[in-house]
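# What the coordinates show
As a plain string of letters, each chain reads:
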Amino acid sequence: ASGMGAGYRPGNLVGLRLRGGATVGKSGSNPSMRVQSYTGGTMPERSASGSMERHRFTYRSKPGAKTVQVVGAWSKFKERHDMQEAGANTGLWETSIMLPIGTHELKFVIDGSKWVCSDQMPKSSDNRGNENNVVTIRSTNSRPATPTPPQMSS
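What you see is a predicted model, and the numbers here were worked out from it, not measured in a lab. (Residues numbered from 1 in each chain as written. Predicted model: local features only at pLDDT ≥ 70, side-chain atom pairs only at ≥ 80, totals over all residues. Heavy atoms only, no water.)

### Description of the sheet that holds strand S5 (residues 52-60)
Spatially, three strands are ordered S5-S9-S8 in an open sheet, and the strand pairing comes out antiparallel. Strand pairing shows two members of the sheet lacking a second neighbour, S5 and strand S8 (84-85), which therefore form its edges. Note: S5 against strand S9 (residues 92-100), nine bridges, orientation antiparallel. Note that in S9 the partner of His-55 across the bridge is Ile-97. (Pairing = 2+ DSSP bridges. Helix = DSSP H or I, 4+ residues; strand = E, 2+ residues; numbered from the N terminus.)

Right, dumping it as structure tokens:
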């Protein structure tokens, strides 16, 4: 998604070439898949309504992975979020995304097609026997106490 300015809005993209040569589009298993990235400066830590929070995901891949994405129940497993490798060939991938408050199942997608769970996160099985990682997003939006006006002494 390089070359897209701060005004880029995620949407349905067909035939997009990702870093590492992977492509997203008609030839993929889900032609309506959306790819989301953020290039507009500092990312907010929570939504204005307080119903979403930023969560940082990390994944340790085996050597040789070209791309890693995170996908989850928050988008019915349709919207993939690209992860960035923390240094060349380190195998440590990370991203931060806004998620609704609550508990979500997720998976990591290696090189566009291999869906895996992280051994570093809790796991659960869905009603079809699929194993997924689980993350719980809690609100950090606590209202500050109302300051007490200083008492005037007489």
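### Topic: the pattern of salt bridges
Counting across every chain of the model gives two salt bridges. For the salt bridge of Arg-56 with Glu-94, the shortest nitrogen-to-oxygen distance reads 2.6 Å. Placement of the pair is Arg-56 in strand S5 and Glu-94 in strand S9, with a sequence separation of 38 residues. Residue classification places Arg-56 among the exposed residues on the basis of a relative accessible area of 52%. Between Lys-123 and Asp-119 there is a salt bridge, with the nearest N and O atoms lying 3.0 Å from each other. Residue Lys-123 is classed as partly exposed on the basis of its relative accessible area, which comes to 38%. What makes Asp-119 exposed here is its relative accessible area of 65%. (Salt bridge = Lys/Arg side-chain N within 4 Å of Asp/Glu carboxyl O. Buried < 20%, exposed > 50% of the residue type's maximum accessible area, 1.4 Å probe, protein only.)

### Re the environment of Leu-92
Here Leu-92 lies in strand S9. As for Leu-92 and Tyr-59, which are separated by 33 residues in sequence, their C-alpha atoms are 5.9 Å apart. Apart from the residues within four sequence positions on either side, Leu-92 is in contact with Thr-58, Tyr-59, Arg-60, Gln-84, Glu-85 and Ala-86. (Contact = heavy atoms within 4.5 Å.)

### What about the environment of Tyr-59?
Positionally, Tyr-59 belongs in strand S5. The spatial distance from the C-alpha of Tyr-59 to the C-alpha of Gln-120 is 8.0 Å, given a sequence separation of 61 residues. The residues contacting Tyr-59, other than those within four sequence positions of it, are Val-68, Met-83, Gly-91, Leu-92, Trp-93, Phe-108, Ile-110, Val-116, Cys-117 and Ser-118.

### Concerning the packing of aromatic side chains
The tally for this structure, following the rule as stated, stands at three aromatic pairs. Taken together through their ring pairs, the aromatic side chains of Phe-57, Tyr-59, Trp-74 and Phe-108 make up a single cluster. (Phe/Tyr/Trp six-rings, centres within 6.5 Å; stacked < 30°, edge-to-face > 60°.)

### What to know about unusual backbone geometry
Here the phi dihedral of Lys-76 falls at roughly 55 degrees; this positive angle occurs in a residue that is not glycine. Among the structural elements, Lys-76 can be located in the loop between strand S6 (68-72) and strand S7 (79-82). One non-glycine residue, Asp-111, lies in the positive phi region at around 50 degrees. Checked against the element boundaries, Asp-111 lands in the loop between strand S10 (102-110) and strand S11 (114-116).

### Description of the nonpolar core
Among the nonpolar cores identified, the biggest contains 17 residues, and Phe-57, Val-68, Val-70, Met-83, Leu-106 and Phe-108 are the most heavily contacted of them. Secondary structure elements with two or more residues in this core: S5, S6, S9, S10 and strand S13 (131-137). If we ignore the near neighbours within four places in the chain, the residues touching Phe-57 are Val-70, Trp-74, Met-83, Trp-93, Glu-94, Thr-95, Ile-97, Leu-99, Leu-106, Phe-108, Met-121 and Val-135. (Core = buried A, V, L, I, M, F, W, Y, C linked by side-chain atoms within 4.5 Å.)

### Observations concerning the pairing of S9
The side-chain alternation of S9 yields one buried face, formed by Trp-93, Thr-95, Ile-97 and Leu-99, and one unburied face, formed by Leu-92, Glu-94, Ser-96, Met-98 and Pro-100. Bridge analysis of S8 against S9 gives two bridges, and the strand direction is antiparallel. Across the sheet, residue Gln-84 finds its bridge partner in S9, namely Glu-94.

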